Amino acid sequence: MLRTLAERGGDPLADDSVPFVLRDVLLWRLRPLDEVTREVLGAAAVLGLTPDQRILAAVLNLDRVAIGAALTTAHRAGLLHDAGDGLRFRHDLARQVVYDLVPRESREWLHLRVARVLEQELPKPVAQLAHHYRRAGSGADFVRNAEAAADLATERGDDATAASFLLQTMDIAELPRPVRVRLAAKLGRSAIDGLSQAEAIPVLERLLADRRLPPGARGELGLVLGRMLRQQGEALRGYTEIERAVPYLRAPRRKAPALAVLAAPDTVVGRHVDDHLARCAEAESAATASGDPAAHLAVRIARASLLLELGDPAAWAIITELRASAELADRPREHARACLNWAQGALHAGHPEQAEALLATGRALVDETGYERLTALVEATQLSLDRAAGRLDGLAERLTRLVASAERMPVTLLDARAELATVLALTATAERAGSTGGHDSPDSRAEGCAGLGDSDRGRDEVESAERALREVVADARRVGAIWPLVQALSALARLTVAERPDEAVRHAAEALSVVRGKGILAWAADAVLVLAEAAAAKGEPARAAAAVAELEAGIAGRDTPLARATVRRCRELVPA
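Small disclaimer: the values here were computed from a predicted structure and weren't measured.

Cut-off values and rules
- Residues numbered from 1 in each chain as written.
- Predicted model: local features only at pLDDT ≥ 70, side-chain atom pairs only at ≥ 80, totals over all residues.
- Heavy atoms only, no water.
- Helix = DSSP H or I, 4+ residues; strand = E, 2+ residues; numbered from the N terminus.
- Rg over C-alpha atoms; globule rule 2.2 N^0.38 Å.
- Buried < 20%, exposed > 50% of the residue type's maximum accessible area, 1.4 Å probe, protein only.
- Contact = heavy atoms within 4.5 Å.
- Areas by Shrake-Rupley, 256 points an atom, 1.4 Å probe, with all protein chains shown as cover.
- Lys, Arg positive; Asp, Glu negative; His and termini not counted.
- Charge placed at Lys NZ, Arg CZ, Asp CG, Glu CD.
- Phe/Tyr/Trp six-rings, centres within 6.5 Å; stacked < 30°, edge-to-face > 60°.
- Lys NZ or Arg CZ within 6 Å of the ring centre and 35° of its normal.
- Axes fitted to C-alpha atoms, helices over the stretch in contact; angles between N-to-C directions.
- Parallel < 35°, antiparallel > 145°, perpendicular 65-115°, else oblique.
- Nonpolar A, V, L, I, M, F, W, Y, C, P; charged D, E, K, R; others polar.
- Expected span 1.5 Å × (residues − 1).
- Polar contact = N/O pair within 3.5 Å; in protein donor to acceptor, adjacent residues only side chain to side chain.
- Arc of directions from axis to C-beta.
- Core = buried A, V, L, I, M, F, W, Y, C linked by side-chain atoms within 4.5 Å.
- Salt bridge = Lys/Arg side-chain N within 4 Å of Asp/Glu carboxyl O.

(A) The arrangement of the overall build of the chain in detail. Of the regular secondary structure elements, the chain holds 31 helices and two strands. By the compact-globule yardstick of 25 Å for 576 residues, the chain is too spread out, its C-alpha radius of gyration being 31 Å. By principal-axis analysis of the C-alpha atoms, the chain measures approximately 100 × 70 × 45 Å. A total of 576 residues make up the chain; the buried ones form 49% of that total. Looking at the chain alone, contacts between residues at least 24 apart form 61% of all its contacts between residues at least 6 apart. Approximately 27,100 Å² of the chain is accessible, and the part contributed by carbon and sulfur atoms is 53%. Averaging the positions of the 74 positive and the 81 negative side-chain charges in the chain gives two centres separated by 5 Å.

In structure tokens form, the structure reads like this:
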């Protein structure tokens, strides 16, 4: 805690959390010590919890005997503790008190001396060097070692540590622009968790606001920022940022995967499927021009996902080919991500069995590779499948846990909330139907009078579900996320159709309008069914005739079994 306060530039001893009794005890024990012992103890506090006598000797230009004698004196005074493998501060609080007693100029000099000594070590302890150079006020040396420490952490798969080092470099005011741009690009690749992304986004935005930024750097940083915004749940902002970046990406191998991201239709409002198809074609051209197998693979995965959402049977041939290929097998993380994306697409198109199989493969690959970044997506996809299959027992509780855990990976949060709100609505609707015998006849309402408590509870559940759905709708509109928006609007229409049919029609009509703007009519199946039910209940089926006909035409020739089944139900209510 004190170390954190010190790094923020505060005075740890001024904080209420510092035990004054401990400070006073340490000061009392320090008072009788001779000057050499104090000097050695101060240098030891700069060095760390467990001071190395060899380094202390080099830093202070004293022999090992003098260093040992001074540490032994400090131990006898109760300022150091014998841990069995050498003398050390008993805890960081004690070290911090001693550290803060060293004058600031002396501390900076000691940090610089420690760094110069550590520079002679092999391999170089770059993380320690970064720490000491920063405390010494040597910005250029700090940045050099922080970047090396970040690179080392990235090699070891520790993205969080890499992002932490890189974020610190952004605080160096005198950092040359080319160096800042290079480090920011690395930061964008390392900042994969929600906290580091939230800190990195303003850094990237400030860099992109600089009109002097070279075109190539603008493209790279814009792509990084767009992806990061998407990971933070800012669907439309992220998509738009990538759109802006693409023209500045000169290398085809960089342009191809960026265009592949723009080919995904299930992310944003305001882009028609024809736009996604055009982006996919551009991505394929860029991948071919690049000759890069990784770029080609990314585009093929995106093409399969797009065709799957469109209900194009050609998607399955591509998926089968890719899953049998060495290119995908040799990239288990990309394989896992692809299978999870395809599982979601299969679920959207109404292929639950294929979705289950793809999810099982994706889950196994995530477990095998330890790719924790996709863990929430695995769980979210499984819960969506359970909801689609009608496996509702305990589902709301599991979704509630997922929503709580998804804070670290915001990209899954809104979808998880949409699923939770939908499940709450399904449960409330089922219980309401059960309490009235499945319909709202006068007799059933009379019978229901005996269970007013159940009725009140059911009403509370309906209100809770409606509130959750409205919150999802509001947030999905704000960030421009199309799938949770359509799902929540459709579920809201279903929830309100029995008691407030006119309101339900408005929700369903909005869902249909949003889907119409995307051009994948199968996504509007649930909303159109509500329109058909509401019109039939009023004895005016013709009111829904246009919507049913639009859905029917939109899925003609498409591999969308769920939407086809919905059209058949609509036609029972609204004959052609």
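Continuing now.
(B) Local environment of the packing of aromatic side chains. Following the criterion strictly, the structure yields one aromatic pair and no others. Centroid distance Trp483 to Trp523: 5.3 Å. Interplanar angle 85°. Geometry classified as edge-to-face. With a gap of 40 residues between them, Trp483 in helix α27 (residues 482-496) and Trp523 in the loop between α28 (501-518) and α29 (525-537) connect regions that are remote in the sequence. Judged on exposure class, the residue Trp483 and its partner Trp523 are both buried. Geometry around Tyr99 places Arg95 over its ring, the cationic atom sitting 5.5 Å from the centre.

(C) Inspection of the packing of helix α17 (residues 293-310) against helix α20 (residues 332-349) at higher detail. As a packed pair, α17 and α20 sit with axes 8 Å apart at the nearest point and diverge in direction by 10°. With respect to α20, the element α17 is oriented roughly parallel. Contacts between α17 and α20 pair Ile301, Ala304, Ser305, Leu308 and Glu309 from the former with Glu334, Ala338, Asn341, Trp342, Gly345, Ala346, His348 and Ala349 from the latter. The residue makeup of the contact of α17 with α20, split by class, is seven nonpolar, four polar and two charged.

(D) How the structure looks around helix α3 (residues 35-47). With 13 residues, α3 ought to run about 18 Å at 1.5 Å a step, and its terminal C-alpha atoms sit 18 Å apart, in line with that. Taken together, the buried positions of α3 are occupied by Thr37, Val40, Leu41, Gly42, Ala43, Ala44, Ala45, Val46 and Leu47. Those residues of α3 that are buried lie in contact with α2 (20-30), α4 (53-60), α5 (64-76), α6 (92-101), α7 (104-118) and α8 (126-136). Where α3 begins, the capping side chain belongs to Asp34, and its oxygen is found 3.1 Å from the backbone nitrogen of Val36. Trailing α3 by a residue or two, Gly48 shows a phi angle of about 145°, which is positive.

(E) Focus on α5. The terminal C-alpha atoms of α5 lie 18 Å apart, and with 13 residues this matches the ideal 18 Å at 1.5 Å per residue to within 8%. Looking at α5, one finds that the buried residues are Ile67, Gly68, Ala70, Leu71 and Ala74. End-on, the buried residues of α5 take up no more than an arc of 165°, which puts them together on one face. Residues of α5 that are exposed and point more than 90 degrees away from the buried face comprise Val65 and Arg76. Against the buried residues of α5 lie α3, α4 and β2 (87-88). Here α5 starts with a cap whose side-chain oxygen sits 3.1 Å from the backbone nitrogen of Val65, and that cap is Asp63. Just past α5, the residue Gly78 takes up positive phi, approximately 80°.

(F) Examining the side chain of Thr37 more closely. Relative to the assigned elements, Thr37 resides in helix α3. If sequence neighbours within four positions are ignored, Thr37 has contacts with Ala70, Thr73 and Ala74.

(G) Seen up close, the nonpolar core. Ranked by size, the top nonpolar core spans 108 residues in total, and within it Trp342, Leu469 and Val528 carry the most contacts. Sequence-distant contacts of Trp342, defined by excluding residues within four places in its chain, comprise Ile301, Ala304, Ser305, Leu308, Ile319, Leu322, Arg323, Leu328 and Leu358.

(H) Layout of the pattern of salt bridges. Scanning the model with the defined rule gives 38 salt bridges in all. Between Arg116 and Asp141 there is a salt bridge, with the nearest N and O atoms lying 3.7 Å from each other. Here Arg116, found in helix α7, pairs with Asp141, found in helix α9 (residues 139-155); they are 25 residues apart in sequence, far enough to count as distant. The class for Arg116 is partly exposed, based on a relative accessible area of 41%. The class of Asp141 is buried, set by a relative accessible area of 16%. With a shortest N-O distance of 3.6 Å, Arg478 and Glu234 are connected by a salt bridge. Separated by 244 residues along the polypeptide, Arg478 in helix α26 (residues 452-479) and Glu234 in the loop between α13 (215-231) and α14 (235-245) bring together distant segments of the chain. Since its relative accessible area comes to 57%, Arg478 is described here as exposed. The structure contains a network of salt bridges with shared partners spanning Arg116, Glu119, Lys124, Asp141 and Arg144.

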